[in-house]
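# Summary of the model geometry
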Amino acid sequence: MVLCQGLSLGPETAARVGGGEAPAGIGRRRRGGGRDWPAAEGAGPRREALRTAMAASRDRVAHLLRQLQRAACQCPSHSHTYSQAPGLSPSGKTTDYAFEMAVSNIRYGAGVTKEVGMDLQNMGAKNVCLMTDKNLSQLPPVQTVMDSLVKNGINFKVYDNVRVEPTDRSFMEAIEFARRGAFDAYVAMGGGSTIDTCKAANLYASSPDSDFLDYVNAPIGKGKPVTVPLKPLIAVPTTSGTGSETTGVAIFDYECLKVKTGIASRAIKPTLGLIDPLHTLYMPERVIANSGFDVLCHALESYTALPYHMRSPCPANPITRPAYQGSNPISDIWAVHALRIVAKYLKRAVRNPDDVEARSNMHLASAFAGIGFGNAGVHLCHGMSYPISGLVKTYKAKDYNVDHPLVPHGLSVVLTSPAVFTFTAQMSPEHHLEMAEILGADTRTARIPDAGPVLADTLRKFLFDLDVDDGLAAIGYSKADIPALVKGTLPQERVTKLAPRPQSEEDLSALFEASMKLY
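Keep in mind the model is a prediction, meaning the values are calculated, not measured.

Secondary structure summary: the protein contains 17 helices and eight strands in total. A buried classification covers 53% of the 519 residues belonging to the protein. Pairs at least 24 apart in sequence give 76% of the contacts found in the protein among residues at least 6 apart. Looking at the protein as shown, the accessible area adds up to about 23400 Å², and 53% of this sits on carbon and sulfur atoms.

Take the pattern of salt bridges next. Inspection of the entire model under this criterion finds 25 salt bridges. With a shortest N-O distance of 2.7 Å, Asp-119 and Arg-107 are connected by a salt bridge. Placement of the pair is Asp-119 in helix H3 (residues 116-123) and Arg-107 in strand E1 (residues 105-108), with a sequence separation of twelve residues. For Asp-119, a relative accessible area of 11% corresponds to the buried category. Of the residues examined, Arg-107 reaches a relative accessible area of 25% and is grouped as partly exposed. When the shortest N-O distance is used, the salt bridge between Lys-260 and Asp-253 registers 3.4 Å. You'll find Lys-260 and Asp-253 in the same group, each marked buried. Ionic contacts of the salt-bridge type, sharing partners, join the residues Asp-96, Arg-311 and Arg-321 into one network.

Turning to unusual backbone geometry, a few remarks are in order. The step from Ala-218 to Pro-219 runs through a cis peptide bond, and the omega angle for that step is 10 degrees. Within the element layout of this structure, Pro-219 appears in the loop between helix H6 (192-206) and strand E5 (233-237). For Ala-182, which is not glycine, the phi torsion reads 50 degrees and is therefore positive. When you line up the elements, Ala-182 lands in the loop between helix H5 (168-181) and strand E4 (185-190). Positive phi values are uncommon outside glycine, yet Asp-467 reaches one of about 60 degrees. Tracing the backbone through its elements, the reader meets Asp-467 in the loop between helix H14 (451-465) and helix H15 (482-489).

Quick look at helix H9 (residues 356-376) now. Under the 1.5 Å per step criterion, the end-to-end length of H9 is 30 Å for 21 residues, consistent within 8% with the ideal 30 Å. Of all the 21 residues making up H9, 19 are buried; the element is thus mostly covered by neighbouring parts of the structure. Positive phi shows up at Gly-377, right after H9, with a value of about 105 degrees.

Another aspect to go through is the packing of helix H8 (residues 329-351) against helix H13 (residues 429-438). Where H8 meets H13, the axes come as close as 9 Å, and the angle between the chain directions of the two elements is 30 degrees. By the angle between their axes, H8 is roughly parallel relative to H13. Across the interface between the two elements, Val-336, Leu-339, Arg-340 and Ala-343 from H8 touch Glu-434, Met-435 and Ile-438 from H13. Here the contact of H8 with H13 is built from residues that sort into five nonpolar, no polar and two charged.

Attention now moves to the environment of Pro-315. Its place among the elements puts Pro-315 in the loop between helix H7 (285-304) and H8. Taking relative accessible area as the criterion, Pro-315 reaches 9% and is therefore assigned buried. In this structure, the C-alpha to C-alpha distance between Pro-315 and Thr-94, residues 221 residues apart in sequence, is 8.9 Å. Excluding residues that lie within four positions of it along the chain, Pro-315 makes contacts with Asp-96, Thr-320 and Arg-321.

Where helix H12 (residues 417-424) contacts H14, the axes come no closer than 8 Å and their chain directions differ by 165 degrees. Considering their axes alone, H12 and H14 lie roughly antiparallel with respect to each other. As H12 packs across H14, the resulting crossing turns out to be right-handed. Contact residues: H12 offers Ser-417, Pro-418, Phe-421 and Thr-422, while H14 offers Gly-452, Pro-453, Leu-455, Ala-456, Leu-459, Arg-460 and Leu-463. Looking at the contact of H12 with H14 residue by residue, the class counts come to seven nonpolar, three polar and one charged.

To continue, consider the packing of aromatic side chains. Each aromatic ring pair is characterised by the separation of its centres together with the angle its planes make. Considering all chains together, one arrives at eleven aromatic pairs under this definition. Measuring from centroid to centroid gives 5.2 Å for Phe-464 and Tyr-519, while their planes differ by 80 degrees, and the two rings are edge-to-face. Of this pair, Phe-464 sits in helix H14 while Tyr-519 sits in the segment after helix H17 (505-514), and the two are 55 residues apart along the sequence. Phe-464 sits in the exposed class, given a relative accessible area of 51%. An aromatic cluster of at least three residues, connected via ring pairs, comprises Phe-171, Tyr-204, Phe-212, Tyr-215 and Phe-252.

What counts as what
Residues numbered from 1 in each chain as written. Predicted model: local features only at pLDDT ≥ 70, side-chain atom pairs only at ≥ 80, totals over all residues. Heavy atoms only, no water. Helix = DSSP H or I, 4+ residues; strand = E, 2+ residues; numbered from the N terminus. Buried < 20%, exposed > 50% of the residue type's maximum accessible area, 1.4 Å probe, protein only. Contact = heavy atoms within 4.5 Å. Areas by Shrake-Rupley, 256 points an atom, 1.4 Å probe, with all protein chains shown as cover. Salt bridge = Lys/Arg side-chain N within 4 Å of Asp/Glu carboxyl O. Expected span 1.5 Å × (residues − 1). Axes fitted to C-alpha atoms, helices over the stretch in contact; angles between N-to-C directions. Parallel < 35°, antiparallel > 145°, perpendicular 65-115°, else oblique. Nonpolar A, V, L, I, M, F, W, Y, C, P; charged D, E, K, R; others polar. Left-handed = near helix turned anticlockwise from the far one by under 90°. Phe/Tyr/Trp six-rings, centres within 6.5 Å; stacked < 30°, edge-to-face > 60°.

Here you go:
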């Protein structure tokens, strides 16, 4: 009998393990269940000899099985312990040993929005909440959704009070609307702010006895796992940045602490994302630029995040495995492909609003990067961005029609990217050089120690070409603000702990200082 990895069993052991002929001298079982023992003459000594022979045979079999267990083939087709380290159960490991891919269903195509009414009809929806913001509610994309709902006989109510860069207060207002409406399905039409708000409304309307902080990420909230069933949610993104149509993450400003935090659970991801590139034609220049910077950093950060098998603790139950798990082979593919699209199309999409090819590809890149980071996570650029947005003073970004100071999310993320990737490069220099090459750098003569500066310089040139503000100082911050910015970053452990290189408060201070000026 031949087994995996060239091990073989002799005829005697094969009989024991595989059911072949028994060795000579050992009785064979009769059909009736008895055994043909040798003749009674000399039976006592013979029986003793047989017992000795059988015990020796059992010992040889046990010894061989232990050898087989140690040398067993570890391919998925043959091994029952493939996903675990030898001799360790999941609960016995200190770092994780598995990753999970969770993605919304995605449908892409020009004009696909008109199918939303049929989708809701197919789901059996009778009472639908359509969420959007006041600006978008006056534009053709929302009218397209409403026309489809009316055509397919879907009753719906519109909530258009979504706040761009939502807060805990704006989330709770939407939650209250959802609870009163007793909706059986949701449609989120807009950018990440709208989709995230709708995720939260769906969650808390489905869990009416929960306190707001129950599902908010620790350490700000309790970070409880979501165990209640949610209603179907169809997301129709109109921007090309957050990838929120693919993820189980909802981000908001927690006003009393002046920091961003969020809810992260696979349970809140949309049921379906309708990615219609026609909607991107309504995006102003700076909106598409800042949205694109979010895609850029999603790809860069997820590809360089701490590998999933180095993340701790190992979950005792799969329901507690975080949505942001660390870099992994599947997320890497999506991140790299998204980065290639950004390198090829973002500048074109910003400079020419009529470039349908460029804007369509950026819409896809947003979803691709969302699939990547939605399962791998992000790290320092995003962790540091939250206080940059939350502590904004008077800055108002161009092309954003809002009545409050605003640092767009994509801008707040990208301003620290040169400093961050200089800092992290020593942990995976090959990945950093690969990303620099994708973004246009000539890395043929680059040395491994130069990976960080090479990528940082490439990013600075990329941002300069797209007229990005010259660092944090240009949006109203100074060195005096650094302690507050660091303080606002510290609670973001959900993402900062995914950085491949651990960081101290002094490290964070140095990164903010290095980001005050880019060029």
